[in-house]
Amino acid sequence: MYAVKSGVLVWFWRTAPWQAWGAVGLLLLATVVRVGRGSADGGMDNAIVVRAAETWLDGGSPYADPHFLYLPSAVLAAVPEVLVPGGVLRYLAPAVVVCGLLVGWGCALRLYGIAWRSRFAAGGLGGLALGFAPFGHLVQLGNWTVVSAAALPLALLLAHRGRWAGGR
């Protein structure tokens, strides 16, 4: 952890009270519920891929739709969305995105030596959820780029800790 001398910064690095984490948890839950209630598909922006996965599961070719311009692996990634009932998916998709963003946030904190239970962690996450438009848009759209938002900080954290093995 970095040497901190200022009194305000020391306060941020201390463990956050449970009330702060409760407020952040309620904020994230409210975000998921708002997105789930806002649209029938949970706000997901990958309807073309989901339709292609439905076509594939029905025995057709996903490429019959001229709008489907993705790699075949996109169809396989969308199969779980087809199999989950719509009423569940509209809440599950934003919840999964929030969880992915939590993983990314936690890894980024650890990369800089900041405790995930700190006031900075709680306040920063609350600030991201409240006022950082990309956070809100990613949750609203249920976009698969959340994998990148979690994987990049995780990969950097592993590399920083020397747990990254490369071929010779």
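Quick note: structure is the one above.
Position numbers for residues count from 1 along each chain, tracking the sequence in the order it is written. Only residues with pLDDT of at least 70 get local features here, since the model is predicted, and only at 80 or more are side-chain atom pairs given and counted; chain-wide, interface and lining totals rely on the full set of residues. Just so you know, side-chain values use all the structure's heavy atoms and leave hydrogens and water out.

Trainee: Help me understand the environment of A151, please; the structure alone is not making it clear to me.
Mentor: Looking at the element boundaries, A151 is found in helix α8 (residues 146–160). Along the chain, A151 and G106 lie 45 residues apart, while their C-alpha atoms are 11 Å from each other. Secondary structure elements follow DSSP: runs of H or I no shorter than four residues count as helices, runs of E no shorter than two count as strands, and numbering proceeds from the N terminus.

Trainee: What exactly am I supposed to notice about the nonpolar core here?
Mentor: Generally speaking, a soluble globular protein has its nonpolar side chains buried in company with each other. Within the largest apolar cluster, 20 residues are counted, with the highest numbers of intra-cluster contacts made by L28, V97, L101, L125, F135 and V139. For this core, the secondary-structure elements that each account for two or more residues are α2 (18–38), α5 (86–111), α6 (119–131) and α7 (133–141). Among the elements that line this core, the one with the most residues is α5, at five residues. When neighbours within four sequence positions are excluded, V97 is seen to be in contact with L138, V139, G142, N143 and V146. Here, nonpolar core means buried Ala, Val, Leu, Ile, Met, Phe, Trp, Tyr and Cys residues that are tied together by side-chain atoms lying within 4.5 Å of each other. Only protein chains enter the accessibility calculation, which uses a 1.4 Å probe. A residue is then buried if its area is under 20% of the maximum for its type, exposed if over 50%, and partly exposed in between. Among the nonpolar cores identified, the runner-up in size contains nine residues, and A74, V75, A78 and V79 belong to it. The criterion used for residue contact is that any of the two residues' heavy atoms lie within 4.5 Å.

Trainee: Just checking my understanding: could you explain α2 for this structure?
Mentor: The periodicity of an α-helix, 3.6 residues per turn, causes residues three or four positions apart to be oriented the same way. With 21 residues, α2 should cover 30 Å at 1.5 Å per step; its first-to-last C-alpha distance of 30 Å lies within 8% of that length. Every buried residue of α2 is listed here: V24, L28, T31, V32, V35 and G36. The buried side chains of α2 occupy one side of the element, clustering within an arc of 130° when seen end-on. Turned more than 90 degrees away from the buried face of α2, the exposed residues are W18, L26, R37 and G38. To estimate the expected span of a helix, subtract one from its residue number and multiply by 1.5 Å. This arc is taken over the directions from the axis of the helix to the C-beta atoms.

Trainee: Whenever I open this one, the pattern of salt bridges confuses me. Can you help?
Mentor: A pairing counts as a salt bridge when a side-chain nitrogen of Lys or Arg comes within 4 Å of a carboxyl oxygen of Asp or Glu. Within the structure shown, the criterion is met by one salt bridge. A salt bridge links R51 to D65; the nearest nitrogen and oxygen atoms lie 3.9 Å apart. Separated by 14 residues along the polypeptide, R51 in helix α3 (residues 47–57) and D65 in the loop between α3 and α4 (72–83) bring together distant segments of the chain.

Trainee: Is there a simple way to think about the state of the cysteines in this case?
Mentor: Simply put, the disulfide is a covalent bond whose two ends are the sulfur atoms of two cysteines. Counting rule for disulfides: a pair of cysteine sulfur atoms within 2.5 Å. Applying the stated criterion to the full structure yields zero disulfides. The thiol sulfur of C99 is not disulfide-bonded, and the nearest other cysteine sulfur, from C107, lies at 13 Å. Taking the relative accessible area as the measure of exposure, C99 reaches 46% and is therefore partly exposed. When its relative accessible area of 10% is taken as the criterion, C107 is described as buried.

Trainee: Even after reading the chapter, I still don't get the packing of aromatic side chains, so can you show me in this structure?
Mentor: Aromatic rings in a pair are described by how distant their centres are and how their planes are angled relative to each other. In this scheme Phe, Tyr and Trp rings, the latter by its six-membered ring, pair at centre separations within 6.5 Å, and the angle between planes marks the pair as stacked below 30 degrees, edge-to-face above 60, and tilted otherwise. Across all of its chains, the model carries four aromatic pairs by this definition. Between the aromatic rings of F68 and Y70, the centroid separation amounts to 5.5 Å while the plane-to-plane angle is 45°, which identifies the pairing as tilted. Judged by its relative accessible area of 2%, F68 falls in the buried class. Residue classification places Y70 among the partly exposed residues on the basis of a relative accessible area of 42%. Consider the rings of W105 and F120, whose centres lie 6.3 Å apart with planes at 25°: the pair is stacked. Placement of W105 in helix α5 and of F120 in helix α6 is noted, with a sequence separation of 15 residues between them. Each member of the aromatic cluster is reached from another via a ring pair, and the members are W13, W105 and F120.

Trainee: Please explain α6 as it appears in this structure.
Mentor: Under the 1.5 Å per step criterion, the end-to-end length of α6 is 17 Å for 13 residues, consistent within 8% with the ideal 18 Å. Those residues of α6 lying buried are A121, A122, L125, G126 and A129. Down the axis of α6, the smallest arc covering the buried residues is 125°, so these residues share one side. Away from the buried face of α6 by more than 90 degrees, exposed residues L130 and G131 are located. Next to the buried residues of α6 lie α2, α5 and α7.

Trainee: Is there a simple way to explain the packing of α2 against α6 in this structure?
Mentor: The packing of two helices is summarised by the inter-axis angle and the distance between the axes. In the contact formed by α2 and α6, the axes pass within 10 Å of each other and the chain directions differ by 20°. With respect to their mutual orientation, α2 and α6 come out roughly parallel. Taken as a pair, α2 and α6 cross one another with a handedness that is left-handed. Residue-level inspection shows A20, W21, V24, L27 and L28 of α2 in contact with α6, the latter providing A121, A122, L125, G126, A129 and L130. Side-chain classes follow a simple rule in which Ala, Val, Leu, Ile, Met, Phe, Trp, Tyr, Cys and Pro form the nonpolar group, Asp, Glu, Lys and Arg form the charged group, and the remainder, Gly included, forms the polar group. Split into classes, the residues belonging to the contact of α2 with α6 amount to ten nonpolar, one polar and no charged. Angular values range over 0 to 180 degrees, each being the angle between N-to-C directions of two axes fitted as lines to C-alpha atoms, with helices fitted over their stretch in contact. Angle categories: roughly parallel below 35 degrees, roughly antiparallel above 145, roughly perpendicular from 65 to 115, and oblique for all the rest. Each crossing gets its handedness from the near helix: less than a right angle anticlockwise from the far helix is left-handed, clockwise is right-handed.

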